Amino acid sequence: MTKYHNNKLLDIHERTFNELYFADTIVEMTRQSCREREFNGQYYGIPAEMVAKLSAERNHYINMLDMLSERITNMKNLNLSLEQEIMLEQYSNNSCR
């Protein structure tokens, strides 16, 4: 791989990692908001029979956000592994010269 190609891949990696980090931040903010409302019992004056349904729905969303956050973390880790491989390739090319 050429140095230009390695640099291009590293640039794409960095932009991808930044997007993943941003997405994970949004997921975390949303999850925290759902948890705070659930833990504080914020039901906005709805009838008692709807409270259980709303609580179950919030918990379902929290669980989905947990799974999404886990997937994003996995993607970030894979992205870091990719960066390491690119850097190793770049280092091995530089040391051969």
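Preceding block: the structure.
Parameters at a glance
Residues numbered from 1 in each chain as written. Predicted model: local features only at pLDDT ≥ 70, side-chain atom pairs only at ≥ 80, totals over all residues. Heavy atoms only, no water. Helix = DSSP H or I, 4+ residues; strand = E, 2+ residues; numbered from the N terminus. Contact = heavy atoms within 4.5 Å. Buried < 20%, exposed > 50% of the residue type's maximum accessible area, 1.4 Å probe, protein only. Polar contact = N/O pair within 3.5 Å; in protein donor to acceptor, adjacent residues only side chain to side chain. Salt bridge = Lys/Arg side-chain N within 4 Å of Asp/Glu carboxyl O.

Peer 1: Even after reading the chapter, I still don't get the environment of leucine 20, so can you show me in this structure?
Peer 2: Looking at where leucine 20 falls in the secondary structure, it is placed in helix α1 (residues 3-39). C-alpha of leucine 20 to C-alpha of methionine 75: the two residues are 55 residues apart in sequence and 7.7 Å apart in space. Ignoring sequence-local partners within four residues, the contact set of leucine 20 consists of Ile72, Met75, Lys76 and Asn79.

Peer 1: I keep staring at the side chain of histidine 13 and nothing clicks. Help me out?
Peer 2: Mapped onto the elements of the fold, histidine 13 is located in helix α1. The contact partners of histidine 13, leaving out residues within four places of it in the chain, are Asn79, Leu80 and Glu83.

Peer 1: Whenever I open this one, the side chain of glutamine 90 confuses me. Can you help?
Peer 2: Inspection of the secondary structure assignment puts glutamine 90 in helix α2 (residues 48-95). By relative accessible area, glutamine 90 is classed as buried at 11%. Looking at glutamine 90, its side chain comes within polar contact range of the side chain of asparagine 7, at 3.3 Å. Aside from chain neighbours lying at most four places away, what touches glutamine 90 is Lys3, Asn6, Asn7 and Leu10.

Peer 1: Can you walk me through the pattern of salt bridges in this structure?
Peer 2: Side chains that differ in sign of charge can pair as their charged atoms come close. Scanning the model with the defined rule gives six salt bridges in all. The partner of arginine 35 in a salt bridge is aspartate 66, and the shortest N-O contact between them spans 3.2 Å. Taken together, the residues arginine 35 in helix α1 and aspartate 66 in helix α2 connect sequence positions 31 residues apart. Taking the relative accessible area as the measure of exposure, arginine 35 reaches 24% and is therefore partly exposed. Residues glutamate 38 and arginine 58 are paired through a salt bridge, measuring 3.7 Å at the closest nitrogen-oxygen approach. Here glutamate 38 is found in helix α1, whereas its partner arginine 58 is found in helix α2, with 20 residues between them in sequence. Here glutamate 38 matches arginine 58 in class, with each residue buried. Salt bridges sharing partners connect three or more residues here, namely Glu28, Arg31, Arg35 and Asp66.

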